[in-house]
Amino acid sequence: MSSAASAAAVIVAAGRGQRLGGTLPKAFIPLAGVPMVVHAAQRVAQSPAVARIIVVVRGEDIDLARTLLTTYQTPKVSSVVAGGDHRQASVLAGLAQVGSAPVAVIHDGARPLVSPDVVTAVIMTASQTGAATAAVPLRETVKRVEGATVTQTLDRERLWIARTPQAFQTDLLMQAHHRANAEGFVGTDDAVLVERLGQGVRIVEDAPQNLKVTVPSDRELAEMYLRPSPPRVMRTGLGYDTHRLVPGRPLRLGGVTIPSPRGLLGHSDADVLAHAVMDALLGAAGLGDIGQHFPSTDRAWKDADSIELLRRVTSMVNAAGWRIVHVDSVVLAEAPHLAPYFASMREHLAAAMRVDASSVSIKATTTEGLGAIGRHEGIAAHAVATLEAAS
Ligand code: MG
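Keep in mind it's a predicted model, so treat the numbers as computed, not measured.

**Student:** Explain the sheet that holds strand E4 (residues 50-57) to me, please; I cannot follow it from the model alone.
**Tutor:** Two orientations exist for strands paired in a sheet by backbone hydrogen bonds: parallel and antiparallel. Spatially, E5-E4-E1-E6-E10-E7-E11 is the arrangement adopted by the 7 strands of the open sheet, whose pairing is mixed. A single partner strand is all that each edge strand has here, and the edge strands are strand E5 (77-82) and strand E11 (202-205). The average angle at which neighbouring strand axes cross in this sheet is 30°, direction not considered. Taken together, the 6 bridges between strand E1 (residues 7-12) and strand E6 (residues 103-108) define a ladder with parallel strand orientation. Within E6, the position partnered with Ala7 by the bridge is Val103. Taken strand by strand, helix H4 (residues 116-129) contacts E1, E4, E6, strand E7 (131-137), strand E10 (160-169) and E11, and its axis lies near 60° from that of E10.

**Student:** What's the story with the environment of Leu282 in this structure? I'm lost.
**Tutor:** Structurally, Leu282 is set in helix H8 (residues 272-285). Considering only alpha carbons, one finds Leu282 and Val330, 48 residues apart in sequence, at a separation of 18 Å.

**Student:** Help me out: how do you make sense of the coordination of the magnesium ion in this one?
**Tutor:** Coordination angles at a metal have ideal targets, namely 109.5 degrees for four tetrahedral donors and 90 or 180 degrees for six octahedral donors. Taken together, Asp241 (OD), His243 (NE2) and His275 (ND1) make up the full set of protein donors to the magnesium ion, lying 2.0 to 2.3 Å away. Read in sequence order, the donor residues for the magnesium ion give the motif D-x1-H-x31-H. Here the residue His243 occupies a position in strand E12 (residues 234-247), and His275 occupies one in helix H8, the gap between them amounting to 32 residues. Of the two residues examined, His243 and His275, each falls in the buried class.

**Student:** How should I be thinking about the pattern of salt bridges in this particular structure?
**Tutor:** Where side chains of opposite charge bring their charged atoms close, a pairing between them can arise. One pass over the structure, following the stated rule, counts 16 salt bridges. Residue Arg249 is joined to Asp303 by a salt bridge in which the shortest nitrogen-to-oxygen separation is 3.7 Å. Remark: Asp303 occurs in the loop between helix H9 (290-293) and helix H10 (306-319) and Arg249 occurs in the loop between E12 and strand E13 (251-253); sequence separation between them is 54 residues. Of the residues examined, Asp303 reaches a relative accessible area of 47% and is grouped as partly exposed. Through salt bridges with shared partners, a single ionic network connects Arg87, Asp108, Asp190 and Lys212.

**Student:** In this structure, what is going on with the packing of H8 against helix H11 (residues 342-353)? I would like to understand it.
**Tutor:** Remark: H8 packs on H11, axes separated minimally by 12 Å, with the N-to-C direction vectors making an angle of 35°. Seen from above, H8 lies across H11 with right-handed handedness. Seen from H8, the contacting residues are Leu273, Ala274, Val277 and Leu281; seen from H11, they are Met345, Leu349 and Met353. Residues belonging to the contact of H8 with H11 are distributed by class as follows: 7 nonpolar, no polar and no charged.

Definitions and cut-offs
Each chain carries its own residue numbering, running from 1 in the direction its sequence is written. Per-residue local features are limited, in this predicted model, to residues with pLDDT of at least 70; the limit for side-chain atom pairs, both in listing and counting, is 80 or more; totals at the level of whole chains, interfaces and linings are taken over all residues. Hydrogens and water molecules were not included; the side-chain quantities draw on all heavy atoms of the structure. One requirement defines pairing of two strands: DSSP has to find at least two bridges between them. Here a strand is any run of E in DSSP of at least two residues, a helix any run of H or I of at least four, and the numbering for each starts at the N terminus. Interaxial angle, 0 to 180 degrees, is taken between N-to-C directions of lines fitted to C-alpha atoms, where a helix line uses only the stretch in contact. Contacts are assigned to residue pairs that have any heavy atoms within 4.5 Å of one another. Metal-coordinating donors are taken as N, O and S atoms lying within 2.8 Å of the metal, or within 3.2 Å when the metal is Na, K or Ca; because water is left out, some sites can appear incomplete. Partly exposed residues are those whose accessible area sits between 20% and 50% of the maximum for their type, while under 20% is buried and over 50% is exposed, using a 1.4 Å probe and protein chains only. Should a side-chain nitrogen of Lys or Arg be within 4 Å of a carboxyl oxygen of Asp or Glu, the pair is scored as a salt bridge. Note on convention: near helix rotated counterclockwise from far helix by under a right angle means a left-handed crossing. Clockwise means right-handed. Only Asp, Glu, Lys and Arg are considered charged, only Ala, Val, Leu, Ile, Met, Phe, Trp, Tyr, Cys and Pro nonpolar, and every remaining residue, Gly among them, polar.

Structure below.
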């Protein structure tokens, strides 16, 4: 379409909504505190292809509709008009207000979750081809039934469910409505009137959540979509560990064996960094500490690979309903220089925790010769883990 906003939208909201119960006209029933037709109009207005909106309601509801659309600051509404006895008559009443707009887009006020992108897509398609409807492919098997017996199974591959929005070149839609009225034909959507003229109607795949609110359970589902997502539950855990340096042991840090004349002494492989990370994870998940899960009195953990233990801790944390968001750490060591091994250590820790390496941070510092670590007697590590409730 050459000009960005040249379509007129007709939102039909003249239905009684008896299946939803209550006394309010269907379109005014609130969803998450806002009337259904206001949701629909606000979303249609978000399409840059829509220049203005005509809302069609029952005659006795015009004042209420105007008040609500103003109260909820619904943009682009140019008129609120009275509908007819059935949907087709209501659309025609709205079309009378479309004026010179080259394309008219029709939308049901009972579809409050319409995607503005789909509104734009049907308008663009109709402006090029004449007519377009939002639709979703059928995902279930459909049977033709006579009495209580299946007589045919329809080919699902060729069946789509038509929804609104539906857009048309305005002249074409006017002609289709006038022909239908002259012939006494009443359809359940506007596309069928255009199809009767022998004109093709193009399909635009709709967003799944654009449901039609008809029965109370639809209302609950629509409100679920509209409700703001709950705040994310986050937890933080702290871990600390230290091991003594002795000759004749390999130096394992973050799952990497680092060339060194001395290594860390311990019941397991004494990977002080992996141990600090495990305690941080267990702490954040409220699952105790590694001493409790892998006691040094248990021969099973003699010379254990701490990366394997970290894998087990990750499974425990995940099983408790937590997702690992990030782990930060710092190793306190006077020697050797650890920076060349950071990348490999991150990879090993991340793989064990089943997260991306970008979610693992490793830093190192000396203690400037101060204290036991400064005297090369041992290495220590601190870690902080951030977890998010899985859902
Ligand atoms: Mg330890």
